Amino acid sequence: MRISLNWIKRLIDLKKSPEEIAKVLTSAGLEVESIEDNSSKYKNFVIGKILSVEKHPNADRLSVCKVQIKRGKNPVPLQIVCGAPNVKKNQKVAVGLVGAIVPKNQHDENGNPFELLKTSIRGIESNGMICSSYELDLGNDADGILILPKNISVGSSLSEYLGSEDVVFELGITPNRADCLSHLGVARELAAGFKKNLKPITKNNFRKISKQLKEKINVEIVDQNLSPRYSALVIKNIEIKDSPKWMQNLLISVGLRPINLIVDVTNFVMMEIGQPLHAFDYDLIAGKKIKIQTAYELEHFFTLDGISRNLSSSDLMICDSQNSIAIAGVMGGENSSITNETKNIVLESAYFSSTSVRRTAKKLGLSTDA
């Protein structure tokens, strides 16, 4: 699990070196597998804008891209050959310049880093790389490039965008320490080790709207053993926009790609306190009803990644009055996902049987953050 030092400092007043912190974590039974200093990790990586995308004349799966960066204050176009299927004009992307050390090589079985060189790919000159989250060691997506928010400045350094002062610890969390699968859990251990107090986390009181909530969404738990508690909150008239930069920086530092404010908030809460949340598009929920029950035998369900999953009667599902809309504790579905057109949402916070979640996740091969 990736733990951000900047994130930890939001929860505890800590002025210790990464080495001192690693020593305390190790003594608490949390193995520190690596320590990354982002200030040097992303040297020679900048933010670029794709000006054009054309098919490579000598390769069906490659594109020839014109990418704008800056040298000093002057805009400079670079020609880069890219093999990602999701590359499009006007995207803001992370560009590795010639001389940059790419953290992970997807074509190397061990993912070892490599240096970018000016090269020719199938007869076309390429002056750098448009990077994926995997290649930048920010996530596991090696198939597509990392698409950045539209409002960031072309030519700025990737280190600046990511929050270059951050230090990230890779922790090996054993199954008996699930209490440390969050920044709050790790901060609690550090507070004990350094004899510090945790900073209070602001909490809001939602009791005043509980009656109104029941009128807007009906929740039925069919199997209390697999889902002892399920809570939902309707939020109307929202605006889909980018999350604050500070939140994006924290999410990126732990390997999560910022998407929009709603999705980012659910991921932020999950990584901060260890409680997974999920947001559904309220207007796509049939009958305005949430029903927690097991799947039908041989049921097919399209998850958020666009893949059809084959389910069995032992898999716990979140359903509306007509269809399944999420695999409980694992992944949401395409049919109720948040889009740029979403105006109203249902926010889920639930407790599902850990045995049920693990069994379904392993059967489907879905190892998600939730």
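Source: prediction; values computed, not measured.

Calculation criteria
Residues numbered from 1 in each chain as written. Predicted model: local features only at pLDDT ≥ 70, side-chain atom pairs only at ≥ 80, totals over all residues. Heavy atoms only, no water. Helix = DSSP H or I, 4+ residues; strand = E, 2+ residues; numbered from the N terminus. Buried < 20%, exposed > 50% of the residue type's maximum accessible area, 1.4 Å probe, protein only. Contact = heavy atoms within 4.5 Å. Areas by Shrake-Rupley, 256 points an atom, 1.4 Å probe, with all protein chains shown as cover. Lys, Arg positive; Asp, Glu negative; His and termini not counted. Charge placed at Lys NZ, Arg CZ, Asp CG, Glu CD. Axes fitted to C-alpha atoms, helices over the stretch in contact; angles between N-to-C directions. Parallel < 35°, antiparallel > 145°, perpendicular 65-115°, else oblique. Left-handed = near helix turned anticlockwise from the far one by under 90°. Nonpolar A, V, L, I, M, F, W, Y, C, P; charged D, E, K, R; others polar. Pairing = 2+ DSSP bridges. Salt bridge = Lys/Arg side-chain N within 4 Å of Asp/Glu carboxyl O. Polar contact = N/O pair within 3.5 Å; in protein donor to acceptor, adjacent residues only side chain to side chain. Phe/Tyr/Trp six-rings, centres within 6.5 Å; stacked < 30°, edge-to-face > 60°.

1. Things to note about the overall build of the protein chain
The helix and strand tally for the protein chain stands at nine helices and 23 strands. Summarising its shape, the C-alpha atoms of the protein chain cover approximately 60 × 55 × 40 Å along the three principal directions. In the protein chain, which comprises 370 residues, the share counted as buried stands at 48%. If you take every contact in the protein chain between residues at least 6 apart in sequence, the share linking residues at least 24 apart comes to 67%. Of the accessible surface of the protein chain, which amounts to about 19,500 Å², a share of 48% is contributed by carbon and sulfur atoms. Charge separation in the protein chain, taken as the distance between the mean sites of 47 positive and 41 negative side-chain charges, equals 6 Å.

2. Examining the packing of helix H7 (residues 245-253) against helix H8 (residues 261-273)
Viewed as axis vectors pointing N to C, H7 and H8 meet at an angle of 55 degrees, and their least axial separation amounts to 10 Å. Viewed along their axes, H7 and H8 adopt a mutual orientation that is oblique. H8 is crossed by H7, and the crossing has left-handed handedness. In this structure, H7 uses Trp 246, Met 247, Gln 248, Leu 250 and Leu 251 to contact H8, whose residues at the interface are Asp 264, Val 265, Asn 267 and Phe 268. In terms of residue class, the contact of H7 with H8 is built from six nonpolar, two polar and one charged.

3. So, the sheet that holds strand S1 (residues 2-4)
Sheet architecture is open: three strands sit in the order S1-S13-S2, paired in antiparallel fashion. Edge positions in the sheet fall to S1 and strand S2 (31-37), since each has one partner strand and no second. Averaged over all pairs of adjacent strands, the angle between their axes in this sheet comes to 25 degrees, without regard to strand direction.

4. With respect to the pairing of strand S5 (residues 74-82)
Pairing of strand S4 (residues 63-71) with S5 involves nine bridges; the strand directions are antiparallel. Its bridge partner lying in S5, Gln 68 is registered against Pro 77. Where S4 hands over to S5, the hairpin turn is made up of two residues, of which Gly 72 adopts a positive phi near 70 degrees.

5. Quick word on the side chain of Glu 299
Mapped onto the elements, Glu 299 comes out in the loop between strand S17 (289-294) and strand S18 (300-302). For the buried Glu 299, which has no salt bridge, the nearest side chain bearing the opposite charge is Lys 363, at an N-O separation of 10.0 Å. Reaching out from Glu 299, the side chain makes a polar contact with the backbone nitrogen of Tyr 296 at a distance of 2.9 Å.

6. Some details on the packing of helix H2 (residues 18-27) against helix H5 (residues 183-194)
At their nearest, the axes of H2 and H5 sit 9 Å apart, and the two run at 100 degrees to each other. Between H2 and H5, the interaxial angle falls into the category roughly perpendicular. Contacts from Glu 20, Ile 21, Val 24 and Leu 25 of H2 reach H5 at Val 186, Glu 189, Leu 190, Gly 193 and Phe 194.

7. Digging into the packing of aromatic side chains
Per the stated rule, a full pass over the model turns up four aromatic pairs. Seen in terms of ring centroids, Tyr 42 and Phe 45 are 6.0 Å apart; in terms of plane orientation they differ by 85 degrees. Their pairing is edge-to-face. What makes Tyr 42 buried here is its relative accessible area of 1%. Owing to a relative accessible area of 1%, Phe 45 belongs among the buried residues under this scheme. For the pair Tyr 230 and Phe 352, a centre-to-centre distance of 6.3 Å together with 50 degrees between the ring planes defines the contact as tilted. Here Phe 352 lies in the loop between strand S23 (345-351) and helix H9 (354-364) and Tyr 230 lies in strand S15 (residues 229-235), a separation of 122 residues in the sequence. Of the residues examined, Tyr 230 reaches a relative accessible area of 7% and is grouped as buried. Chaining the aromatic ring pairs together yields one cluster made of Trp 7, Trp 246 and Phe 268.

8. Thoughts on the environment of Ile 145
Looking at where Ile 145 falls in the secondary structure, it is placed in the loop between strand S11 (129-130) and strand S12 (147-148). Residue classification places Ile 145 among the buried residues on the basis of a relative accessible area of 6%. In the structure, Ile 145 is positioned 35 residues away from Cys 180 in sequence and 31 Å away in space, judged by C-alpha atoms. What Ile 145 contacts, discounting residues up to four positions off in sequence, is Ile 50, Cys 82, Ala 84, Asn 86, Val 87, Gln 91, Val 93, Ile 130, Cys 131 and Ser 132.

9. Concerning the pattern of salt bridges
A full pass over the atoms with the stated rule returns twelve salt bridges. Note that Arg 2 and Asp 137 form a salt bridge whose closest N and O atoms lie 4.0 Å from each other. One end of the pair, Arg 2, is in strand S1; the other, Asp 137, is in the loop between S11 and S12, with 135 residues separating them in the sequence. Judged on exposure class, the residue Arg 2 and its partner Asp 137 are both buried. In this structure, Asp 305 and Arg 309 form a salt bridge, with 2.5 Å as the shortest nitrogen-oxygen distance. By relative accessible area, Arg 309 is classed as buried at 10%. It is possible to trace a salt-bridge network through shared partners that takes in Arg 2, Glu 36, Lys 41 and Asp 137.

Just distances and angles here, no functional claims.
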